[in-house]
Amino acid sequence: MDSAPKTPVRTRFAPSPTGPFSVGNARTALFAWLYARRNGGTFLLRIEDTDMERSKPEYEEQIRDSLAWLGLNWDETPLRQSERRAVYEKYIKKLLEEKKAYFCFCSEEELEADRTAQLSQGLAPKYGGRCRSLTDEESARRAALEPHVIRFRMPQGSISFTDLIRGEVTFEADIIGDFIIAKDERTPLYNFAVVIDDEESAVTHVVRGEDHLSNTPRQIALQKALGFGTPVYAHLPLLLDAERQKLSKRRAQTSLLAYRHEGYLADAMFNFLLLLGWHPEGDEIVGRDEALKRFDLSRVQKAGAVWSDEKLSWMNAHYIRAMETSALLTELASFVPKAWQEKKELLAKAVGIEKERMKTLADFASRAGFFFELPDYPPDMLFWDEKPDESKENIRALHAALEETLTFTPEFLTATLEARAKETGKGAAYWPFRVALSGEQSSPGGIEIALALGREETLRRLEIAIEKVEA
RNA sequence: GGCCCCAUCGUCUAGUGGCCUAGGACGCUGCCCUCUCACGGCGGAAACUGGAGUUCGAAUCUCCAUGGGGUCACCA
C-alpha cells in the first residue's frame, strides 16, 4: 500500500457523548478503524466527556451500540475522560509550575467585549493577554478570592504539520493567542485532555474530521510544551447536507441508529459511508473484507461530501436483494408483526418474493400484508382494461381448473393461465388472477403469490373474487 | 472579518501532462422485457468555476480571481 506507516499504528476514535451518534461520527470512526485494521494496528475508543453538563450515559451507550452495529470493534478498555481528572491535574500543575500556563481572571463579559471589539476592527478574535504577565504574588492572591481559569502561554512562531490527506498545513501561532486549557486544576478542556490522552495512549495516528483542523496547531503547541511527540494527522473531509453545510442534527436526519430503525442494513450503511470520501478502483459494492484489503487514506477525497439518501436507499436495496432469504429473515425479525412470525413458511416465501422490491427492512411490513390477510378491494379492480366480461369469465375458469386438480405447481399454474390467455389475451387472464390473490393494484406476480399461499388459500381468494364480481 | 481547507455531471466520484470525443455509480430519462409492481437489459441528457502563465500539448503543474466550506467558547 502506498501510504504504509513505518511504525505500528495506534489510532483512536474519540466521540463525546453529548448527543445522538451521527452518521458523520460513524464515517470518521469507519475510516479510522479501516486505517488501523488495514495496517494491522490498534483501534482505540475514548469517551470525551469532559463537559459534565452535556455528557449523558445514554449517549455513551449509543456510541457503543452504533460502533457494534457497524462492526467497528475496538481494542483495549476505552478511556473515559471524566475518570482521569487526577491525570490531567498532574500535567496542568506542571505547565503552571513551568510558567507555560497561567491563571486568568478575566470575566466572561470582559472577554466578550474584547471579542466584539476585535471582530468589529476586522481582527481575528483572540485573548488580549490581560492576565498574561501578572506576578506570581498577585496571581496567587487573586486566585484565593476570584474565579479564574487556566490559560496556555502560546509560544510565537509558526506551526506546521503534514496531514496525510492534505499535505503540509501551516498556522501562525500569533493569531491563535493564549487559549484556555482548563477551568481549574482538575477540569481540563477539550484541547488539553486530547493531548494528554493521545500521549498516554501512545496514539500514532489521529484520524478525525476537518472541523478539527484548526485545533491541531493548538494541540501541537501543547505537545511541545509538555515534551510529547506529535502523532500523524489525517483530517477527513466533512459530511455535508444538501445545502453544502456541515451535516447537523438540526437540518437533517443524522442519527445513525435512526437509519437502523428505519430498516437500513449495517452492511449497506458501511458500504455507503465508505464511498463518502473514498473510492475503490472498480465496483462500488465493497464489503468489509474487500474494504479491509483496499482502503487507503491516500485515496481519500479532500473536498466535503454531500449526504445522499437516494444512494443510500439504492445501496440498501442492493444489499437486501443480494442477501440469502434465511439471513434476511433474521434481519427482518424486529420489523415483522408477531402474527406473521407464526406463519413461518408463508413468511419465508413472502420474504423471498418481496426481497426484490423492498428498499428498507421496514418496507416489508407495509408491502407484504396481503400475504397474511387479503385486503378488501373494489370489485372492478379485478377487471383488466376494457375486458370486464373476459376477466369475470377467467376468474371462474381459473377457479374451476384449480379446483379440479391437486396438482399445484408453477408449471400447472402457468399452463392454466396461458390457456386462458390464448382465449382472452394475456392481461385478461393474469391481471384478475393476480388482483384476486393480492387485492392490490400492483404486487408481485399472481403465480408467485399463489405458490406462496398454497392451493387452499388460492381457491378461497378466487371464491371471494367470484362473489365480488357476481354481487 | 482573520486564519485554514477545498473546487470534474444535480450527488458520490475516476482521472496525477498526451490513452479524454472526460469514464463509472446514484438520481433523472427513452426503449426493451412485462398482467401490475419490482428486478434486469440497452440507450440518452448531464461536469473539468473563470482568467493568466508553464509546455509541442493541460481536467491534470504555477499564479491570481471567484465561489464554497470549516474555525475563531470557561463545547467537543
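For clarity, every value in this text was computed on a predicted model and none was experimentally measured.

One pass over the structure, following the stated rule, counts 15 aromatic pairs. Between Trp-340 and Phe-364, the ring centres sit 5.9 Å apart and the planes meet at 80 degrees, which makes this aromatic pair edge-to-face. In this pair, Trp-340 is assigned in helix α13 (residues 338-342) and Phe-364 in helix α15 (residues 361-367), connecting sequence segments 24 residues apart. The exposure class assigned to Trp-340 is buried, which follows from its relative accessible area of 12%. By relative accessible area, Phe-364 is classed as buried at 0%. Three or more aromatic residues joined by ring pairs form one cluster here, namely Tyr-259, Tyr-264, Phe-272 and Trp-307.

So, on to the layout of surface pockets. Quantified by volume, the largest pocket comes out at close to 1,300 Å³. Contributing elements (two or more residues each) for the lining of the largest pocket: β1 (10-13), α1 (23-38), β8 (180-184), β9 (187-188), α6 (190-200) and β10 (205-209). Taken together, the residues of the lining of the largest pocket break down into 19 nonpolar, 16 polar and 12 charged.

The next thing to look at is the pairing of strand β11 (residues 232-236). Extensive coverage of β11 is indicated by the burial of 4 of its 5 residues. Sheet analysis places β10 next to β11, joined by 5 bridges and oriented parallel. The residue of β11 that forms the bridge with Arg-208 is His-235. With helix α7 (residues 216-226) bridging β10 and its parallel neighbour β11, the resulting β-α-β unit is right-handed.

What follows covers the environment of Gln-219. With respect to the helices and strands, Gln-219 occurs in helix α7. With relative accessibility at 0%, the residue Gln-219 sits in the buried group. With 154 residues separating them in the primary sequence, Gln-219 and Asp-65 have C-alpha atoms 30 Å apart. Leaving out residues up to four positions away in the same chain, Gln-219 has contacts with Tyr-190, Asn-191, Val-194, Val-195, Arg-208 and Tyr-233.

Another point: the protein's contact with RNA strand B. Neighbouring RNA strand B are 62 residues, the closest being Arg-54, Gln-245, Glu-356, Arg-357 and Lys-426. Near the protein, within 4 Å, the atoms of RNA strand B are sugar or phosphate in 74% of cases. The separation between a phosphate oxygen of RNA strand B and a polar side-chain atom of Gln-301 is 3.0 Å. Within the backbone of Glu-356, a nitrogen or oxygen atom sits 2.5 Å from a sugar or linking oxygen of RNA strand B. Elements with a minimum of two residues in the surface near RNA strand B: α4 (108-120), β7 (167-172), β8, β13 (305-306), α11 (309-322) and α19 (426-438). Top contributing element to the surface near RNA strand B by residue count: α19, with 5 residues.

Before going further, it helps to examine the sheet that holds β8. With antiparallel pairing, the 4 strands of this open sheet are ordered in space as β4-β5-β8-β9. Whereas interior strands pair on both sides, the edge strands pair on one side only; in this sheet they are β4 (101-104) and β9.

Bridge analysis of strand β6 (residues 158-163) against β7 gives 6 bridges, and the strand direction is antiparallel. Within the sheet, the bridge partner assigned to Ile-159 lies in β7 and is Phe-171.

Here the focus is empty space enclosed by the protein. Going through the model one piece at a time under the given rule, you end up with 2 cavities of 30 Å³ or more. Here the largest cavity defines a volume of roughly 60 Å³. Considering only residue class, the lining of the largest cavity consists of 3 nonpolar, 4 polar and 2 charged.

Attention shifts here to the domain arrangement of chain A. Taken as a whole, chain A is organised into domain 1 (84-236) and domain 2 (374-470). For domain 1 versus domain 2, the distance between C-alpha centres works out to 76 Å.

What follows is about the pattern of salt bridges. Going through the model one piece at a time under the given rule, you end up with 37 salt bridges. Glu-60 is paired through a salt bridge with Arg-80; the nearest N and O atoms lie 2.7 Å apart. A residue pair is termed long-range when its members are at least 10 positions apart, and Glu-60 in helix α2 (residues 57-70) and Arg-80 in strand β3 (residues 79-80) qualify at 20 residues. Between Glu-110 and Arg-130 there is a salt bridge, and its shortest N-O distance comes to 3.9 Å. Taken together, the residues span a long stretch of sequence, with Glu-110 in helix α4 and Arg-130 in the loop between α4 and α5 (136-145) at a distance of 20 residues.

With that settled, the discussion passes to the packing of helix α3 (residues 85-97) against α6. With their axes 10 Å apart at the nearest point, α3 and α6 run at an angle of 110 degrees to one another. By the angle between their axes, α3 is roughly perpendicular relative to α6. Like other packed secondary-structure pairs, α3 and α6 cross with a definite hand, here right-handed. Together, Val-87, Tyr-88, Lys-90, Tyr-91, Ile-92 and Leu-95 of α3 and Phe-192, Ala-193, Ile-196, Asp-197 and Glu-200 of α6 make up the contact between the two elements. Of the residues contributing to the contact of α3 with α6, the split by class is 8 nonpolar, no polar and 3 charged.

Where like charges cluster on the molecular surface, the negative patch consists of Glu-403, Glu-404, Glu-463 and Glu-467. Breaking the negative patch down by element, the ones donating at least two residues are α17 (388-404) and α21 (455-470). Mapping Glu-404 onto the fold places it in helix α17. The exposure class of Glu-404 is exposed, given its relative accessible area of 70%.

Before going further, it helps to examine α7. Within α7, 9 of the 11 residues are buried, leaving the element largely enclosed by the surrounding structure. Every buried residue of α7 is listed here: Thr-216, Pro-217, Gln-219, Ile-220, Ala-221, Leu-222, Gln-223, Ala-225 and Leu-226. Gly-227 lies just past α7 and shows a positive phi near 75 degrees.

This brings us to the state of the cysteines. Per the counting criterion, the structure on display carries 0 disulfides. Not part of a disulfide, Cys-106 finds its nearest cysteine sulfur in Cys-131, a span of 3.6 Å. For Cys-106, a relative accessible area of 12% translates into the label buried.

Calculation criteria
- Residues numbered from 1 in each chain as written.
- Chains lettered and ligands numbered in written order.
- Predicted model: local features only at pLDDT ≥ 70, side-chain atom pairs only at ≥ 80, totals over all residues.
- Heavy atoms only, no water.
- Phe/Tyr/Trp six-rings, centres within 6.5 Å; stacked < 30°, edge-to-face > 60°.
- Helix = DSSP H or I, 4+ residues; strand = E, 2+ residues; numbered from the N terminus.
- Buried < 20%, exposed > 50% of the residue type's maximum accessible area, 1.4 Å probe, protein only.
- 1 Å grid on protein atoms, 1.4 Å probe; cavity = no way out; pocket = protein on both sides within 12 Å on 5 of 7 lines; lining within 4 Å.
- Points joined across faces, edges and corners; volume = space filled by probe spheres on them.
- Nonpolar A, V, L, I, M, F, W, Y, C, P; charged D, E, K, R; others polar.
- Pairing = 2+ DSSP bridges.
- Right-handed = clockwise from strand over helix to strand, strands pointing away.
- Contact = heavy atoms within 4.5 Å.
- Near = heavy atom within 4 Å.
- Polar contact = N/O pair within 3.5 Å; in protein donor to acceptor, adjacent residues only side chain to side chain.
- Domains from an automatic or database assignment.
- Salt bridge = Lys/Arg side-chain N within 4 Å of Asp/Glu carboxyl O.
- Axes fitted to C-alpha atoms, helices over the stretch in contact; angles between N-to-C directions.
- Parallel < 35°, antiparallel > 145°, perpendicular 65-115°, else oblique.
- Left-handed = near helix turned anticlockwise from the far one by under 90°.
- Patch = residues over 30% accessible without salt bridge, like charges linked within 9 Å, V, L, I, M, F, W, Y side chains within 5 Å.
- Areas by Shrake-Rupley, 256 points an atom, 1.4 Å probe, with all protein chains shown as cover.
- Lys, Arg positive; Asp, Glu negative; His and termini not counted.
- Charge placed at Lys NZ, Arg CZ, Asp CG, Glu CD.
- Disulfide = S-S within 2.5 Å.

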